[in-house]
Structure formats: structure tokens, C-alpha cells
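Here are the chains, one letter per residue:
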Amino acid sequence: LEEEELESVAETEEIEPDVPRMEVSSYESSMKDSWIYDELRAVRNTHASFAYGFLPGMIYTGLATHIFRGKEPWTLSHATLDSQTTAPAQEYEPIAYPKPDGVLTFDLMTNLQRSGTHHDDDQPSHLKIKDTKLEDGQRADCVPEKISMQVYGAPEIR
């Protein structure tokens, strides 16, 4: 999306922690009018097609991207939300990844440096957790520590 399209939403580049969260109502219409929407709509069924297996998913994805080019008149639906399929980390065996060899595989910081990603070290977080109370009365800002890391093994960092 163009920067000008969201200019009315954020006058500054700073995220102020005291300002309540707002819904950006103009986002959906701006998104649908952008080139991003066209690209995402063309591949909207890719992930869902693999619910039928690897081979059917590959065949469907090939047809959808090279023949239909995303113009198929249907959208495959998911039976469940992604969040409902995330199970506690205890239910899985830890994956023992080999150490980076420095030739084909590299450590996280080397990969980050080679990606060309740049931001200020003191840049405030742009991701905010909804301000709600949890069942035990704690504030939701403890979700990363108490729930995501402890229960699910922090899948968002892998």
C-alpha cells in the first residue's frame, strides 16, 4: 500500500503506548484497490489445497497459478482456524537441528545481516497485543511470556 493511503491514520512514525488501539477502517478499501490484493487473491487457495494431501495440493496449485491465474470462481475454505491447530509444545518432540555449517546453512544473525533488513536498534515494537484480561486476571501483556513461550514454545520466533 502506498504510504499516502495510510497517512491519515498515523501522523507520526512513533507508536505511543498510552494511545488506545484503533481499528483502521480505511485499510480494507485501500488494500482492495492495491496491487497487493491482486497478487494475494491469485494464490488464495494454495495453502488450503494441501489439506487434500501433497500431490493433490501440488496439482491444484500448479493449475491455479499457471492456468487459472487465480481467477477460479471459488475459494477453498479451511475447516479450522490456524490458531485451533496449534497444540501445546509438550505434544511434540523437539527438533534437533544441525549446527550451521557456514557453507550451506548459516546462523540467525548472519542470515539477518545478508537479508538486507535494516531498522533502528531503539525502534519501538510495531506489534501490539490486545489489551485484555486473561482468565486468571493477569493483563494480556504477559501473553508472550506466560502462554506463548511456556505453553506453545513460542512458535512466532521460529
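Residues numbered from 1 in each chain as written. Predicted model: local features only at pLDDT ≥ 70, side-chain atom pairs only at ≥ 80, totals over all residues. Heavy atoms only, no water.

**Re the environment of Thr105**
So, step 1. Note that Thr105 resides in the loop between helix H4 (54-68) and helix H5 (108-115).
So, step 2. Residue classification places Thr105 among the partly exposed residues on the basis of a relative accessible area of 37%.
So, step 3. With sequence-adjacent residues up to four places away left out, Thr105 is seen in contact with Lys99 and Pro100. (Helix = DSSP H or I, 4+ residues; strand = E, 2+ residues; numbered from the N terminus. Buried < 20%, exposed > 50% of the residue type's maximum accessible area, 1.4 Å probe, protein only. Contact = heavy atoms within 4.5 Å.)

**A short note on the packing of aromatic side chains**
So, step 1. Tallying each qualifying case throughout the model produces two aromatic pairs.
So, step 2. On the basis of an interplanar angle of 45° and a centroid distance of 6.2 Å, the ring pair of Phe50 and Phe54 is categorised as tilted.
So, step 3. Judged by its relative accessible area of 31%, Phe50 falls in the partly exposed class.
So, step 4. The aromatic ring of Phe106 is capped on one face by Arg114, whose charged end is 4.3 Å from the ring centroid. (Phe/Tyr/Trp six-rings, centres within 6.5 Å; stacked < 30°, edge-to-face > 60°. Lys NZ or Arg CZ within 6 Å of the ring centre and 35° of its normal.)

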